[in-house]
Amino acid sequence: TRAVSTAEVQVISISATPVREKQKITLQNANAGTFFLTLDLTGIGDEKYKSGDIQYNADSATIETIINAMEGINKYGQAKVDRPFENGQPGDITIEFPVKAGNPPDFVAISQLEPVTAGISVSEVTTGNVIQGSYRLGLNDQWTEAVNIGDSASVVAQKLTALDTIGVVAVTVTTPDPQKGRNYT
């Protein structure tokens with residue numbers, strides 16, 4: 001009798017629970033005028049985007065429409081905006097980014113508010129998540145060089161076959177999810 005050799009198949013799954021980025025916009029002492037927002041995505045090889053003008057007392061739905069018209073937002077999905085009114089006065093604006101946006105840079109607010117002493121600020125409330133960094137794979141006390149998140153299937157295969165304990169391998173990789181998670185088989 002002869003035993004037929006079969007290849008072992010292992011799946012390495014890299015994942016994270018999606019967390020939506022939230023940013024808060026606070027207006028101080030504004031009683032007229034507008035502001036607009038910019039989102040600078042040049043750090044990830046994209047562009048800088050500008051919103052339309054937003055009235056100082058605009059409601060959630062109006063602001064949400066303006067924000068979702070920004071290509072730097074709508075290419076990732078739809079943002080959600082919340083702006084409560086207390087005693088007829090507009091409160092802080094909370095913008096919840098689409099989950100696919102990951103961890104974008106903070107908006108920059110450009111004030112055209114009145115009076116001239118009026119102010120506006122942007123702060124991050126919840127950091128969106130994106131998997132970053134590297135990991136190592138091991139077998140029988142031998143470890144690969146660091147495998148970077150985003151390495152191609154062929155790079156992972158090269159790092160695995162560099163180990164004495166591993167022979168020929170075939171590696172495939174799935175398309176990354178919004179948090180840059182993926183499966184290697």
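These notes cover the structure that comes with them. (Residues numbered from 1 in each chain as written. Predicted model: local features only at pLDDT ≥ 70, side-chain atom pairs only at ≥ 80, totals over all residues. Heavy atoms only, no water.)

Some details on helix 3 (residues 153–161)
Move 1: Taken together, the buried positions of helix 3 are Ala153, Val156, Ala157, Lys159 and Leu160. One face of helix 3 carries all of its buried residues, which in axial projection span an arc of 165 degrees.
Move 2: Contacts made by the buried residues of helix 3 are with strand 15 (147–148) and strand 16 (182–184). (Buried < 20%, exposed > 50% of the residue type's maximum accessible area, 1.4 Å probe, protein only. Helix = DSSP H or I, 4+ residues; strand = E, 2+ residues; numbered from the N terminus. Arc of directions from axis to C-beta. Contact = heavy atoms within 4.5 Å.)

Quick notes on unusual backbone geometry
Move 1: In this model, glutamate 114 is joined to proline 115 through a cis peptide bond whose omega is -5 degrees.
Move 2: Position of proline 115 among the secondary structure elements: in the loop between strand 10 (108–114) and strand 11 (119–126).
Move 3: Even without being glycine, aspartate 141 reaches a positive phi, approximately 65 degrees.
Move 4: In this model, lysine 180 sits at a positive phi of 75 degrees, which is unusual for a non-glycine residue.
Move 5: The residue lysine 180 is located in the loop between helix 3 and strand 16 in this model.

Quick look at the layout of surface pockets
Rolled over the atoms, a probe sized like a water molecule indicates the empty space that remains.
Move 1: Approximately 590 Å³ is the volume attributed to the largest pocket.
Move 2: Together, 22 residues line the largest pocket, and Glu8, Gln10, Leu160, Ile166 and Val169 are the ones closest to its centre.
Move 3: For the lining of the largest pocket, the secondary structure elements donating two or more residues are strand 13 (138–139) and helix 3.
Move 4: Residue composition of the lining of the largest pocket, by class: 15 nonpolar, six polar and one charged.
Move 5: Counted as a void, the second largest pocket has a volume near 350 Å³.
Move 6: Lining the second largest pocket are 19 residues, with Ile44, Ala101, Asn103, Val130 and Lys180 positioned closest to its centre.
Move 7: Of the residues in the lining of the second largest pocket, the class split is 10 nonpolar, five polar and four charged. (1 Å grid on protein atoms, 1.4 Å probe; cavity = no way out; pocket = protein on both sides within 12 Å on 5 of 7 lines; lining within 4 Å. Points joined across faces, edges and corners; volume = space filled by probe spheres on them. Nonpolar A, V, L, I, M, F, W, Y, C, P; charged D, E, K, R; others polar.)

Section: the pattern of salt bridges
Move 1: Enumeration according to the criterion identifies five salt bridges in this entry.
Move 2: Salt-bridge contacts for lysine 75 lead to aspartate 46; the nearest nitrogen and oxygen are separated by 2.4 Å. Of this pair, lysine 75 sits in the loop between helix 2 (71–74) and strand 6 (80–82) while aspartate 46 sits in the loop between strand 3 (32–40) and strand 4 (48–50); the two residues are 29 residues apart in sequence, bridging distant segments of the chain.
Move 3: For lysine 75, a relative accessible area of 40% puts it in the partly exposed group.
Move 4: Counted as one network, the salt bridges with shared partners bring together Arg20, Lys22 and Glu96. (Salt bridge = Lys/Arg side-chain N within 4 Å of Asp/Glu carboxyl O.)

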